[in-house]
Amino acid sequence: MGNFLDKEPPPPMVLVPPLFDFPPLAARNRMLESSYSLLFGKLALRCLFEDYFEEARHFSTRIMLKPIDDPHVDLIATVSGPLDHKPEENIVGNAFFRWQSDVDDPHTFMDLFVSNTDPVLQLRSSAYYPRYGIGAFGIFPVLLKKSRIASEDYGVMGLRYGSGNLSFGATVMPFAVKDELPKSAWLVSKMGKLTVGVQYEPGYGSKANAKYKNLMNWSAAIGYGVGSGSPLSPSFNFCLELAKSSQFIASFYQHTVVQRRVKNPFEENEIVGITNYIDFGFELQTRVDDVSTSDKIPDSTFQVAASWQANKNFLVKGKVGPLSSSLSLAFKSWWKPSFTFNISATRDRVIGKTAYGFGIRVENLREASYQRADPNFVMLTPSKEHLAEGILKYGKRPMLQSDVNAGNFEGLPRELRPLGKIL
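Note that the coordinates shown come from a computational prediction; the quantities given were computed from them, not determined experimentally. Counting of residues starts from 1 at the beginning of each chain's written sequence and follows it residue by residue. Local features are withheld for residues below a pLDDT of 70 in this predicted model, meaning they are given only at 70 or higher, and side-chain atom pairs are given and counted only at 80 or more; totals for whole chains, interfaces and linings count all residues. Only hydrogens and water are set aside; all other atoms, that is, all heavy atoms of the structure, feed into the side-chain values.

**Student:** With reference to specific residues and values, describe the overall build of the chain.
**Tutor:** In terms of regular secondary structure, the chain is built from five helices and 21 strands. In the chain, buried positions account for 39% of the 423 residues. Here a residue-residue contact requires only that any non-hydrogen atoms of the pair lie within 4.5 Å. Summarising the internal contacts of the chain: among those between residues at least 6 apart in sequence, 51% fall at separations of at least 24. Helix and strand labels come from DSSP, where a helix needs a run of H or I of at least four residues and a strand needs a run of E of at least two; each type is numbered from the N terminus. A simple rule labels every residue: compare its accessible area, found with a 1.4 Å probe on the protein chains alone, to the largest value its type can have, and call it buried under 20%, exposed over 50%, or partly exposed in between.

Written as structure tokens, this is what we have:
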């Protein structure tokens, strides 16, 4: 009887929900883009500024399904359009049918894209060999509504090399003329926390030599970033970019992991808190050349966005710009397949009106309903009050600090681990 009364109480635990969308869908196709376009916090900022912000007076529906018998294939179908019928705006429908070689590795895949707009049918493929760091990819329009006139109508092919500290590659159009080679090229290098890169995209000049010498065809960026890439690890990215020698872009992105107290009668007594994710991003763009612009295109613009994921089911996002501001609320169901409902409101300060957009997503591609209670993640930043309460309530067992800061991700599920370390 005495042993029963002296039994040590269970350790305190904190719920650790997954991110709403991790990894983001854009990361699945990163081998089709240059590393320059994805690094420097660009992928994270793209998701922060765009995901769940529906266009004003528009709707979108998305279905993302993976068959039980074959996890290597999946289907993503999307339908979007205006809420009020307008002759100049049509409802757009498209679908991706994807085959992936490795369930946990998105670098080698092939997909078919069908749409009621151009291109009607498109084939995309990527192959990457991690042992050598070499990859090849291609995007080929199979069916078009219009006649094939430009070199882009015949597709794009690319070669790349990627490691943890270096990435370079180039894309070409198979039927391009000599002056159109290459279509793009990039070089990105990472040295500790510092990342530098340059990208060449010819768009100015009439001859190949002239294009190489034209600074308007070059972009360069330098970024500073810390963090492992895991949702449980805070991260920070700051970038300065000179795009095509005419536009200066400064941006930063902050991912913060915080824990708040929880007193939920439906939870066990040892559940003392829940992990929250707070993201903040800022982007400033300004022109540095003397080219005059119209009154509708400002010389400088900026946007600020923030998101707060309260738990595995609720997400709040907001963004502000010089001409409009938007707010989005999203709810994700806890059953499978998962349903996500979101509504966004956009305030146009020019005309003084507010418009709404709606979105519905159905998916069983990701572990949307996963939630973890773990004593190793109790109070990442414990205060004196938390430590005192833990010692008083649990005797000699103080509230623990996560070992994620030490880089130990072995005990985590796949969606809470960092992405592959390939630039």
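Additional details are given in the paragraphs that follow.
**Student:** Break down the pattern of salt bridges for me, citing the residues and quoting the values.
**Tutor:** The salt bridge definition used is simple: a Lys or Arg side-chain nitrogen within 4 Å of an Asp or Glu carboxyl oxygen. Scanning the model with the defined rule gives seven salt bridges in all. Put simply, Glu33 and Arg46 hold a salt bridge, and the shortest N to O gap is 3.7 Å. Taken together, the positions of Glu33 in the loop between α2 (25-28) and α3 (42-50) and Arg46 in helix α3 put the pair 13 residues apart, joining distant regions of the chain. Under the relative-accessibility criterion, Glu33 is labelled partly exposed at 26%. The partner of Glu201 in a salt bridge is Lys244, with the nearest N and O atoms 3.6 Å apart.

**Student:** Please set out the packing of aromatic side chains residue by residue, giving values where relevant.
**Tutor:** Note on aromatic pairs: the rings of Phe, Tyr and Trp (six-membered ring only in Trp) are paired at centre separations within 6.5 Å, and the planes decide the class, stacked below 30 degrees, edge-to-face beyond 60, tilted for the rest. Summed over all chains, the structure comprises 13 aromatic pairs. Relative to Phe341, the ring of Phe339 has its centre 6.4 Å away and its plane inclined at 10°; by these criteria the two rings are stacked. Owing to a relative accessible area of 28%, Phe339 belongs among the partly exposed residues under this scheme. The structure contains a cluster of three or more aromatic residues connected by ring pairs, namely Phe236, Phe252, Phe280, Phe282 and Phe302. Residue placement shows Arg148 over the ring face of Tyr154; its charged tip is 5.8 Å from the ring centre. The ring of Phe20 carries Lys332 above its face, with NZ or CZ at 5.0 Å from the centroid. A ring has a charge above it when a Lys NZ or an Arg CZ is no more than 6 Å from the ring centre and no more than 35 degrees off the ring normal.

**Student:** Outline the side chain of Gln309, listing residues and values.
**Tutor:** Mapped onto the secondary structure, Gln309 falls in strand β16 (residues 300-309). A residue is classified by how much of its surface remains accessible, and Gln309, at 4% relative accessible area, is buried. Apart from the residues lying within four places of it in its own chain, the contact partners of Gln309 are Pro17, Pro18, Leu19, Phe20, Asn276, Tyr277, Phe314 and Leu315.

**Student:** Which residues make up the nonpolar core, and what are the values?
**Tutor:** By size, the foremost hydrophobic cluster in this structure holds 11 residues: Leu32, Tyr36, Leu39, Phe40, Phe109, Phe137, Trp186, Val188, Ala221, Cys239 and Leu423. Excluding anything up to four places from it in sequence, Val188 contacts Ser35, Tyr36, Leu39, Phe40, Asn165, Leu166, Ser167, Thr195, Val196, Gly197 and Leu423. Val16, Leu232, Val257 and Tyr277 belong to the second-largest nonpolar core, a separate cluster that totals six residues. Here, nonpolar core refers to any group of buried Ala, Val, Leu, Ile, Met, Phe, Trp, Tyr and Cys residues whose side-chain atoms link them within 4.5 Å.

**Student:** Please give an account of the side chain of Arg160 that cites residues and values.
**Tutor:** Tracing the backbone shows Arg160 in strand β8 (residues 156-162). Despite its burial, Arg160 pairs with no opposite charge; the closest candidate is Glu33, at 8.7 Å N-O. Residues adjacent in sequence count toward polar contacts only when both atoms are side-chain atoms; beyond that, a polar contact is any pair of N or O atoms within 3.5 Å, and within protein one must be able to donate a hydrogen and the other to accept it. Here Glu33 takes part through its backbone oxygen, which lies 2.8 Å from a polar atom of the side chain of Arg160. A positive count includes Lys and Arg, and a negative count includes Asp and Glu. His and the chain ends are not counted in either.

**Student:** An account of the layout of surface pockets is needed here, citing residue identities and associated values.
**Tutor:** In this analysis, the protein atoms alone were mapped onto a 1 Å grid. Cavities are point sets where a 1.4 Å probe fits without being able to get out; pockets are open sets with protein on both sides within 12 Å along at least five of seven lines; lining residues have an atom within 4 Å of a point. Grid points are joined across faces, edges and corners, and a volume is the space filled by probe spheres set on the points. By volume, the second largest pocket is sized at about 1,100 Å³. Lining the second largest pocket are 38 residues, with Leu25, Asp51, Arg62, Thr78 and Arg361 sitting closest to its centre. Within the residue set of the lining of the second largest pocket, elements represented by two or more residues are α2, α3, β2 (58-65), β3 (73-82), β4 (92-102), β5 (105-115) and β20 (353-363). Classification convention: Asp, Glu, Lys, Arg as charged; Ala, Val, Leu, Ile, Met, Phe, Trp, Tyr, Cys, Pro as nonpolar; all other residues, Gly among them, as polar. Of the residues contributing to the lining of the second largest pocket, the split by class is 14 nonpolar, nine polar and 15 charged.

**Student:** Outline the pairing of β20, supporting the account with residue identities and numerical values.
**Tutor:** A pair of strands is considered paired only if DSSP assigns at least 2 bridges between the two. The pairing of β2 with β20 spans six bridges and is parallel. By the bridge assignment, Phe59 is partnered in β20 with Phe358. Of the pairings in the sheet, the one linking strand β19 (residues 338-348) to β20 comprises 11 bridges and is antiparallel in character. Across the sheet, Asn342 pairs through a bridge with Gly359, a residue of β20.

**Student:** How would you explain α3 if you had to name every residue and give the values?
**Tutor:** Along α3, the residues classified as buried are Leu43, Leu45, Cys47, Leu48 and Phe49. Tucked into the core, α3 has its buried residues touching α2, β14 (247-261), β15 (271-287), β16 and β17 (314-320). Positive backbone phi, at 70°, marks Tyr52, one or two positions downstream of α3.

**Student:** Explain the confidence of the model for the chain residue by residue, including any values.
**Tutor:** Averaged over all residues, the pLDDT of the chain equals 83, while 81% of them reach at least 70. Each residue carries a pLDDT score, the predictor's own confidence in it, on a scale running from 0 to 100. Looking at the elements of the chain, mean pLDDT is at its lowest for helix α5 (residues 384-394), recorded as 44, and at its highest for β17, recorded as 96. Low pLDDT (under 50) marks residues 380-401, which in the prediction has 37 contacts with non-local residues, meaning those over four places away or in another chain.

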